[in-house]
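Each chain, written out:
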Amino acid sequence: MRAVRLKVLCCSVLMAGMLSGCATSVGHLAIHNDPSFMLQPSRERSLVSGETPLAIQYLGVGGYLFQYGDDSIMTAPSFSNPGLMNVSLPLPIEADQGLIDKLLPPQAKEAEFILVGHAHYDHLLDVPYIMQKHMPETKAVGSTTMVNIVTAVIDESRLVDITDFAAEGQKSGKWIYNRNNSIRFMPIKSDHAPHFMGIKVMSGQYDSPLSALPSTAYGWKEGQTYAYVIDFLDRQQQPVYRIHYQDAASNSPDGLMPTMADTKAVDMAILCVAAFHQVDDYPEAILQQTTPSMIVMGHWEDFFDNNSFDNPPPLQGVRMTNIDDFIQRVEAVKADGATPLLPAPFSWIPAF
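Residues numbered from 1 in each chain as written. Predicted model: local features only at pLDDT ≥ 70, side-chain atom pairs only at ≥ 80, totals over all residues. Heavy atoms only, no water.

## Comments concerning the overall build of the protein
- Counting its regular elements, the protein contains 8 helices and 15 strands.
- In the protein, the proportion of contacts linking residues at least 24 apart, taken out of those at least 6 apart, comes to 72%.
- In the structure as shown, the protein presents an accessible area of about 14,900 Å², 50% of it carried by carbon and sulfur atoms. (Helix = DSSP H or I, 4+ residues; strand = E, 2+ residues; numbered from the N terminus. Contact = heavy atoms within 4.5 Å. Areas by Shrake-Rupley, 256 points an atom, 1.4 Å probe, with all protein chains shown as cover.)

Now the structure itself:
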């Protein structure tokens, strides 16, 4: 136990030193910012299947809201964003309940599921409070570790362990449907890139339920990381729009699409910018396999102590990451006519 604590301390000090530099400037980048989509929705900017529009809002870090007519799901949002020193030393962290109350969009509260890609604090820290306070009927889906963490404060009937649903390699997994059979999703076994110098921090898993939520960032262990295929269905329950979602960069074949029973193409790929340089073929492998017409580059903004509702700071990029290089690599392999997008938090994303 002492050796483990010493290893954690050494990693913490090293990470603090590596990340203590300034965040990346993004003033020269073309950042998509459309905060008014839901006020004046444009049918030209949203998928229309019969009479059903699809609207997508980026919530920051790995969080997205998908509204399909009257139905919605979301991926795990992160609003609290603890400071760098609290995360890396490690010191106590907790969900900023007041900030969550202010930043969680009202329309997100109706989401039927929260899809969790992995259990690190910057993806899961805010989820228990959101489920308690704002989304009392919503279910969270994710790894065994995710379930074992959140069950400390959320009844197990609202938590779905997706281990037995996940696709792996070319082997397809099982679909999970929403109550109206208008949205379905399938987890894909994936992995999380190292954070720096080939070192992955906050790894590990929980094999039994916790009695209390973790008190430090290192307590929010990664668990198994998953990507997701998300389908939006017509009245015959056939997919009309398909999204491949990843909240962590990974080496192929981890996270790649499995062999599907249908021939529906991937329309949108949602990628993770953070730590992409720590793996060899990301984002190239997923874009060459899926050839999406829309490419959303998320988890790109600096998420250390950067949220203030009353006086928001200017956007900055995630530390130790060359966002320009990521964009260039996307441009080099994207399909002809595909649209890459770097969205600002809370902006609405067109679904073509």
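Don't stop here, the text continues.
## As for helix H5 (residues 127–134)
- Most of H5 is tucked away, with 6 of its 8 residues classed as buried.
- On its buried face, H5 sits against helix H3 (97–103), strand E5 (113–115), helix H4 (121–124), strand E6 (139–142), helix H6 (144–150) and strand E7 (159–161). (Buried < 20%, exposed > 50% of the residue type's maximum accessible area, 1.4 Å probe, protein only.)

## Section: unusual backbone geometry
- Following Ser252, the chain continues into Pro253 via a peptide bond in cis, with omega recorded as 10°.
- Locating Pro253 in the fold gives a position in the loop between strand E11 (239–245) and strand E12 (268–272).
- The peptide bond linking Tyr282 to Pro283 adopts the cis configuration, its omega dihedral lying at 15°.
- Examined against the element boundaries, Pro283 turns out to sit in the loop between E12 and helix H7 (284–290).
- You will see that Asn181, though not glycine, has its phi angle at about 55°, which is positive.

## Re the nonpolar core
- With 101 residues, the main nonpolar core has Tyr121 and Ile230 as its most contacted residues.
- If you look at the next biggest cluster of nonpolar residues, it comprises 8 residues, including Ala167, Ala227, Met260 and Val266. (Core = buried A, V, L, I, M, F, W, Y, C linked by side-chain atoms within 4.5 Å.)

## Section: helix H8 (residues 323–333)
- Every buried residue of H8 is listed here: Ile323, Phe326, Arg329, Val330 and Val333. Along H8, the residues classed as buried sweep out an arc of 120° about the axis, all on the same side. Exposed side of H8, more than 90 degrees from the buried face: Gln328 and Ala332 are the residues found there.
- On its buried side, H8 packs onto E12, H7, strand E13 (294–298) and strand E14 (339–341). (Arc of directions from axis to C-beta.)

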